[in-house]
Number of protein chains: 2
Amino acid sequence: MPPAVMLDHKKVFAENVKAARKALGLSQEALAFAAGIDRTYVSGIERGRRNPSLMLIAKLAEHLDTTPAALLTPPAAEVSP
Amino acid sequence: MPPAVMLDHKKVFAENVKAARKALGLSQEALAFAAGIDRTYVSGIERGRRNPSLMLIAKLAEHLDTTPAALLTPPAAEVSP
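Residues numbered from 1 in each chain as written. Chains lettered and ligands numbered in written order. Predicted model: local features only at pLDDT ≥ 70, side-chain atom pairs only at ≥ 80, totals over all residues. Heavy atoms only, no water.

Chain A goes by Transcriptional regulator with XRE-family HTH domain in an unreviewed UniProt entry, where it is assigned to Pseudochelatococcus contaminans.

Enquirer: Account for the overall build of chain A, naming residues and giving values.
Expert: Check the secondary structure of chain A and you find 5 helices and 0 strands. The secondary structure elements of chain A, listed N-terminal to C-terminal, are α-α-α-α-α. Here chain A holds 81 residues, and the buried ones make up 43% of them. Of the contacts formed within chain A by residues at least 6 apart in sequence, a portion of 64% connects residues at least 24 apart. Here chain A displays about 4200 Å² of accessible surface, and carbon together with sulfur accounts for 56% of that area. (Helix = DSSP H or I, 4+ residues; strand = E, 2+ residues; numbered from the N terminus. Buried < 20%, exposed > 50% of the residue type's maximum accessible area, 1.4 Å probe, protein only. Contact = heavy atoms within 4.5 Å. Areas by Shrake-Rupley, 256 points an atom, 1.4 Å probe, with all protein chains shown as cover.)

Enquirer: Explain helix α3 (residues 39–46) of chain A residue by residue, including any values.
Expert: Residue and element names in this part refer to chain A. Within α3, burial applies to Val42, Ser43, Gly44, Ile45 and Glu46. At its buried positions, α3 is contacted by α1 (9–23), α2 (28–35) and α4 (54–63). Glycine 48, located one to two residues past α3, shows a positive phi value of around 70°.

Enquirer: Please set out the relation of the copies chain A and chain B residue by residue, giving values where relevant.
Expert: Between the two copies, chain A and chain B, the superposition gives an RMSD of 0.0 Å; the rotation angle is 180° and the shift along the axis is 0.0 Å. Interpreted geometrically, this transformation is the action of a two-fold axis. Interface overlap between copies: 100% of the residues of chain A at the interface are likewise at the interface in chain B, consistent with a symmetric, same-surface contact. (Least-squares fit on C-alpha atoms with pLDDT ≥ 70 in both.)

Enquirer: Break down the environment of proline 68 of chain B for me, citing the residues and quoting the values.
Expert: Tracing the sequence through the fold places proline 68 of chain B in helix α5 (residues 68–71). Beyond its immediate sequence surroundings of up to four residues, proline 68 of chain B is in contact with His9 and Leu72 of chain A together with Ile57, Ala58 and Ala61 of chain B.

Enquirer: I'd like a description of α2 of chain A, backed by residues and values.
Expert: Residue and element names in this part refer to chain A. Among all positions of α2, only Gln28, Leu31, Ala32 and Ala35 are buried. An end-on view of α2 places all buried positions within 100° of arc, on one side of the element. For α2, exposure combined with an orientation more than 90 degrees from the buried face picks out Glu29 and Phe33. Summarising the contacts, the buried residues of α2 are in contact with α1, α3 and α4. At the exit of α2 stands glycine 36, carrying a positive phi of roughly 70°. (Arc of directions from axis to C-beta.)

Enquirer: An account of a positive patch on the surface is requested, with residue identities and associated values reported.
Expert: Residues and elements named next belong to chain A. A contiguous patch of positive charge, built from Arg39, Arg47, Arg49 and Arg50, is present on the exposed surface. Along the polypeptide, arginine 39 turns up in helix α3. The class of arginine 39 is partly exposed, set by a relative accessible area of 35%. (Patch = residues over 30% accessible without salt bridge, like charges linked within 9 Å, V, L, I, M, F, W, Y side chains within 5 Å. Salt bridge = Lys/Arg side-chain N within 4 Å of Asp/Glu carboxyl O. Lys, Arg positive; Asp, Glu negative; His and termini not counted. Charge placed at Lys NZ, Arg CZ, Asp CG, Glu CD.)

Have a look at this one:
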């Protein structure tokens, strides 16, 4: 299993949130409103700048119609051989 | 997909951390020391009382030789039909 230090978890989460949001055709504002957080926080998450809590990860997953685990799973290419 | 509200994510995380820790034969103290947090925080996590951040979830996963996604994945039985 690749050492976690090789993975930038914030970047993984950022990319997954952005992809899921776009797949649903949601704006950052719409996702922020649904999850009860500020749009700038969603923007910060998607730039890999935020360190959200477990419950916020779960709330975002719910509004993105996915699971917390999926949002923390690196896209296949990112898992170093 | 079951509504996230049906899943107690803190409980899922608690059970997964405890199971992974025990599988490695680690005490709460040893895991806390390795992850650089207080033993009482590990105890709180395992009682489903804590709301850890993404980076702490990742650090715990690393020291438990698993992945953040695995720690947030409900055991098969918990996913309501």
